[in-house]
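# Reading the structure
The residues making up each chain are set out below.
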Amino acid sequence: MIALYTLMEGVIAFFLIAGSIFALIGSLGLARMKDFYMRLHGPSKISTLGVGCVLLASIAYFSLLESGPSLQELLITIFLFITAPVSAHLLSKSALHQKLERDPRTRGNPEELQEDDDERTLEETPQGSSKLP
Amino acid sequence: MLDFALKVSVALLSVAIVLNLYRVAIGPSLPDRILALDTMYVNSIALIVLFGIWLGHRTYFEAALLIAMLGFVSTVAVCKYLLRGDIIE
């Protein structure tokens, strides 16, 4: 029985340390990266995983303490895993709507950021040389 | 071993929240600040759960659940305001 407690203590400590390191890496990405579209990666993926690990540790701890399964923390985990992609999607949509500046190394060319190029090509096209019938 | 792990993870999460505060302070645009606040509530949920483990109480679980729901709703509300200029149309 004591061996089980020691093993579970090691497992809980591992999940706690892993979760907080994941959360720290996500926040470090948020603080260090260059433009908004890069910064969106860290919090929306890594921080959610970190909180998931901490909540797993909490489930294990209280299940051991009360000698029965305690699955209430699973509610928070499921809620966070459902809502994190939704909020990331809305944030990226609002960033595209505001036409935020981006690093030249950021790849992709979404429609929302192409309007300036279209206007320029329309102005540069000489009159009368349209290929439309 | 669990005491040491708890102390280390509280320290790491506090550093993470300070980094989020830094991004809230300097964030050049509004979506940056919303993203930093979003990350901050997620990290504070982890901190509250850690506090509950530290004290061995179940009381703090409801606080974490409330913060999760209100944080998501507020993020969606501010994003809708940025997108449409209005929250409820």
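Residues numbered from 1 in each chain as written. Chains lettered and ligands numbered in written order. Predicted model: local features only at pLDDT ≥ 70, side-chain atom pairs only at ≥ 80, totals over all residues. Heavy atoms only, no water.

## Quick word on the UniProt feature "transmembrane region" (unreviewed entry) in chain B
Residues and elements named next belong to chain B.
- Taken from the UniProt record, the annotation "transmembrane region" (unreviewed entry) applies to residues 6–22, 34–57 and 63–83.
- Between the first and last C-alpha atoms of residues 34–57 the distance is 32 Å; the span itself is 92% helix and 0% strand.
- The straight-line gap between the two end C-alpha atoms of residues 63–83 is 30 Å; of that span, 100% is helix and 0% is strand. (UniProt positions renumbered as here; feature names shortened; annotations may be inferred. Helix = DSSP H or I, 4+ residues; strand = E, 2+ residues; numbered from the N terminus.)

## Observations regarding empty space enclosed by the protein
- Enumeration over the complete set of coordinates arrives at two cavities of 30 Å³ or more.
- By volume, the largest cavity amounts to about 120 Å³.
- P43(A), S44(A), A84(A), S87(A) and D38(B) are the residues nearest the centre of the largest cavity, which is lined by 16 residues in total.
- Those elements giving two or more residues to the lining of the largest cavity turn out to be α3 (41–65) and α4 (73–97) of chain A together with α2 (30–55) of chain B.
- Counting residues per element, the lining of the largest cavity draws most heavily on α4(A), which supplies six residues.
- Here the lining of the largest cavity is composed, by residue class, of nine nonpolar, six polar and one charged.
- Of the voids in this model, the second largest cavity is the one considered here, and its volume is about 70 Å³. (1 Å grid on protein atoms, 1.4 Å probe; cavity = no way out; pocket = protein on both sides within 12 Å on 5 of 7 lines; lining within 4 Å. Points joined across faces, edges and corners; volume = space filled by probe spheres on them. Nonpolar A, V, L, I, M, F, W, Y, C, P; charged D, E, K, R; others polar.)

## Things to note about the side chain of S87(A)
Residue and element names in this part refer to chain A.
- As for its position among the elements, S87 is in helix α4.
- Classification of S87 as buried rests on a relative accessible area of 3%.
- Looking at S87, its side chain comes within polar contact range of the main-chain oxygen of A84, at 3.1 Å. (Buried < 20%, exposed > 50% of the residue type's maximum accessible area, 1.4 Å probe, protein only. Polar contact = N/O pair within 3.5 Å; in protein donor to acceptor, adjacent residues only side chain to side chain.)

## Quick notes on the interface of chain B and chain A
- Across the boundary between the two partners, chain B contributes 47 residues, which contact 49 residues of chain A.
- With both chains or domains summed, chain B and chain A bury close to 4200 Å², and 79% of this area falls on carbon and sulfur atoms.
- It is L35(B), R58(B) and L83(B) in chain B that bury the most area against chain A; as a group they hold 16% of the surface buried on that side.
- The interface formed by chain B and chain A holds three salt bridges in total.
- Ionic pairing is found between E66(A) and R58(B), a salt bridge with its closest N-O pair at 3.5 Å.
- The interface formed by chain B and chain A includes ten residue pairs in polar contact (both at pLDDT 80 or more).
- Looking at the side of chain B that touches chain A, the elements that each hand over two or more residues are α1 (2–26), α2 and α3 (60–84) of chain B.
- The biggest single contributor to the side of chain B that touches chain A is α2(B), with 16 residues.
- Split into classes, the residues belonging to the side of chain B that touches chain A amount to 33 nonpolar, nine polar and five charged. (Contact = heavy atoms within 4.5 Å. Buried area = accessible area lost by both parts, 1.4 Å probe. Salt bridge = Lys/Arg side-chain N within 4 Å of Asp/Glu carboxyl O.)

## Some thoughts on the packing of aromatic side chains
- Summed over all chains, the structure comprises five aromatic pairs over all chains.
- Geometrically, the ring pair formed by F79(A) and F72(B) is edge-to-face, given 6.2 Å between the ring centres and 90 degrees between the ring planes. Residue F79(A) is located in helix α4, and its partner F72(B) is located in helix α3; the two belong to separate chains.
- One residue, R58(B), lies across the ring of F62(A), its end atom 4.5 Å from the ring centre. (Phe/Tyr/Trp six-rings, centres within 6.5 Å; stacked < 30°, edge-to-face > 60°. Lys NZ or Arg CZ within 6 Å of the ring centre and 35° of its normal.)

## Description of the pattern of salt bridges
- A complete count under the given rule lists four salt bridges over all chains for this structure.
- One salt bridge in this structure joins R58(B) and E73(A), with 3.5 Å as the shortest N-O distance. Separated into two different chains, R58(B) in the loop between α2 and α3 and E73(A) in helix α4 make up a pair that spans both. Here the two residues R58(B) and E73(A) agree in accessibility, since each one is buried.

## Comments concerning the UniProt feature "transmembrane region" (unreviewed entry) in chain A
- Following the UniProt record, one finds the feature "transmembrane region" (unreviewed entry) at residues 12–31, 43–62 and 74–92 of chain A.
- Strand forms 0% of residues 43–62 of chain A and helix 100%; the C-alpha atoms that close the span are 27 Å apart.

## Observations regarding the environment of F36(A)
- In this fold, F36(A) is placed in helix α2 (residues 36–39).
- Sequence separation of F36(A) and L91(A) is 55 residues, and the distance between their C-alpha atoms is 9.8 Å.
- Leaving out residues up to four positions away in the same chain, F36(A) has contacts with L91(A), S92(A), A95(A), L100(A), P31(B), D32(B) and L35(B).

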